[in-house]
Amino acid sequence: SYMGFQAQTLAAKDGMVVKLEEDTYVLQEVVAIGYGSQKKKEVTGSVASVKAEDFNAGIKSNPVGLLQGKVAGLNISRTTSDPTSTTYNIQIRGFSTLGQGTGSAPLYIVDGVPTSNIDNIAPDEIASMDVLKDGSAAAIYGTRGTNGVILITTKRGEGNSDKAETQLEYAGYMSVSWINSRVGMANAEEFRNLSTYTGGLLSGIDHGATTDWTKALSRDAAITHNHNVAISGSHKNFSYRASINYKDAEGIAINNGRNEITAKLAADQKCLNGWLKLQYDISYMHYRNDYSSADYTLAAQLNPTMPIYDEKSPNGYYLVSNSGQSNPVERLYNTESYQDGNFFRGSIKATVDIKSLPGLKVNAFAAIEEGDNRSYSYTGELLSPNSIGSSDWANRQYDMGLNQLYEATIDYVGQWNEHSLVAVAGFSYQHFMNDGLNASNKGFVMPSLKYYSIGEGDASKDNLSVGSWRNSHALAAGFARVNYNYD
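Quick caveat, the model's predicted, so the values are computed rather than measured. (Residues numbered from 1 in each chain as written. Predicted model: local features only at pLDDT ≥ 70, side-chain atom pairs only at ≥ 80, totals over all residues. Heavy atoms only, no water.)

1. Some details on the overall build of the protein chain
So the rule is basically this: Secondary structure elements are taken from DSSP: a helix is a run of H or I of four residues or more, a strand is a run of E of two residues or more, and numbering for both begins at the N terminus. A radius of gyration in this sense is built from C-alpha atoms; the matching globule rule multiplies 2.2 Å by the number of residues raised to 0.38. Under the scheme applied here, a residue whose accessible area is under 20% of the maximum for its type counts as buried, over 50% as exposed, and between as partly exposed, the area being computed with a 1.4 Å probe on protein chains only. Only heavy atoms matter for contacts: two residues are in contact if any of them lie within 4.5 Å across the pair. None of His or the chain ends enter the tally, which takes Lys and Arg as positive and Asp and Glu as negative. For this purpose, a charge sits on NZ of Lys, CZ of Arg, CG of Asp or CD of Glu.
Scanning the protein chain from terminus to terminus reveals 6 helices and 19 strands. The C-alpha atoms of the protein chain give a radius of gyration of 29 Å, which is well past the 23 Å a tight globule of 487 residues would have. By its C-alpha atoms, the protein chain is 95 × 75 × 50 Å across when sized along the principal axes. Here the protein chain holds 487 residues, and the buried ones make up 39% of them. Taking all contacts inside the protein chain whose residues are at least 6 apart in sequence as the whole, residues at least 24 apart take part in 68%. Here the protein chain holds 40 positive side-chain charges and 51 negative ones, and the gap between their average locations is 5 Å.

Written out as structure tokens, the structure is:
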């Protein structure tokens, strides 16, 4: 096999010579570009297209993971296995600015909608991902395309027969994760023996227990499972695809995990004898992140001969030392922190085929994205030395984001003799709005009040903190592109 040629399978024998034939199908393959598509052989910019059958298999917290190692010049890395963190570090052909981090992230276009959040797409519902890597390919998106553009096209219903067709699909996986090895620190027996090797400097620090602090903060095994069910069909001038995806991912740390459910509907309809084509897309996601307060750095530093629990202690946990260290298990089970949220994306596109002018089409596109998330955290009173005298603390926060998009474009595709011309021009208006508030307090009479009744804490109100914000901005743009081909 070789890129650009058809693969062959044959029996090996001495002295054989194999001649590969060009795969012209690859050159005819259609790739998505900004506001349109082209055949691979006609693309002049640097564009890489990866189809669903070529995606990486396995667990993916974000659709970008499907492309890892698939596109030259696209660097994708992930530095954590925490399921609540869905982000990847992404650069297309290195840094285009002096800064790093989010400033070097590409622009994402999901079914025509420019967005910064693609966590809400089920990987099993993606048909293709096209990466616009250079300036000429991404230029139609203006300065937003400076760091490259990734176009994501989701799956749709196919077919247009007189007989109704329906297809049911299922995809799923399950995985198990565990800690592969200890952190390399001394266990209780080794720690006790250190007194001999240090000439008695460590004598008197044996607290009589055998504790693996890292294990006490961790699950024996973290299970992740994902299920995607889709039904698609078509009949005459209507096709559709509806899917629902459920994912539950546990982290290695206790109280750490992510749970999400995503539903999507895509439909295509032809009206007025083919003059008008309508495309509908609706998707919704609900998710919950549970954040763990497990402190593995402290677990590696603590004396392994200290016990975790103490029946004489008011809250049942051992007071680990007088050096300012705390009992990490006490903190783990006395701290609660989670976030849940919803995300909605909906769009409609109308395409009018001007029959009197073959090749000319007028498009109108409108989309809306709305997401909200609520964060809750609560820490009860701790008996650890560095926490004695401190009060319980609760916080809650609400964020909402709104993205509205309106676009109008006109396309022309013409061919005569050995000449071909493809042109697009349009106008885009996008409005963004963010709104939120937060509140925190401490000193609750009853721990059960926590973040449910922030105002009930600290009767003096000295520790009550409240804040809110709202901001918005808009982007208006005119754009055009012309592609000319000769022979």
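2. As for the environment of Asn245
By the secondary structure assignment, Asn245 is in strand E12 (residues 238-250). The class of Asn245 is buried, set by a relative accessible area of 3%. Once the C-alpha coordinates of Asn245 and Tyr376 are considered, the two residues, 131 residues apart in sequence, prove to be 25 Å apart. If near-sequence neighbours (up to four positions away) are discounted, Asn245 is found in contact with Ala122, Asp124, Asn226, His227, Asn228, Glu260, Ile261 and Thr262.

3. So, the pairing of strand E6 (residues 107-110)
Spelled out, the test is: Here, strands pair whenever DSSP counts at least two bridges between them.
Where burial is concerned, the two faces of E6 agree: the one with Leu107 and Ile109 and the one with Tyr108 and Val110 are both buried. In this structure, E6 lies alongside strand E9 (residues 149-154), joined through 4 bridges in parallel fashion. The residue bridging Tyr108 from the neighbouring strand is Ile150, located in E9. Judged from the 3 bridges that link them, E6 and strand E7 (residues 113-115) form a sheet pairing that is antiparallel. The partner of Tyr108 across the bridge, within E7, is Thr115. The hairpin turn running from E6 into E7, its antiparallel successor, is 2 residues long, and Asp111 in that turn takes a positive phi close to 50°.

4. Section: the nonpolar core
The nonpolar side chains of soluble globular proteins are, as a tendency, buried together. Basically, it comes down to this: Take the buried Ala, Val, Leu, Ile, Met, Phe, Trp, Tyr and Cys residues and link them wherever side-chain atoms come within 4.5 Å; each set so joined is a nonpolar core.
One finds Leu67, Leu74, Met129, Ile150 and Ile152 to be the most contacted residues of the largest nonpolar core, which totals 21 residues. The greatest single-element share of this core, amounting to 3 residues, is contributed by strand E8 (residues 126-132). Among the nonpolar cores identified, the runner-up in size contains 15 residues, and Ala253, Ala294, Tyr317 and Tyr318 belong to it.

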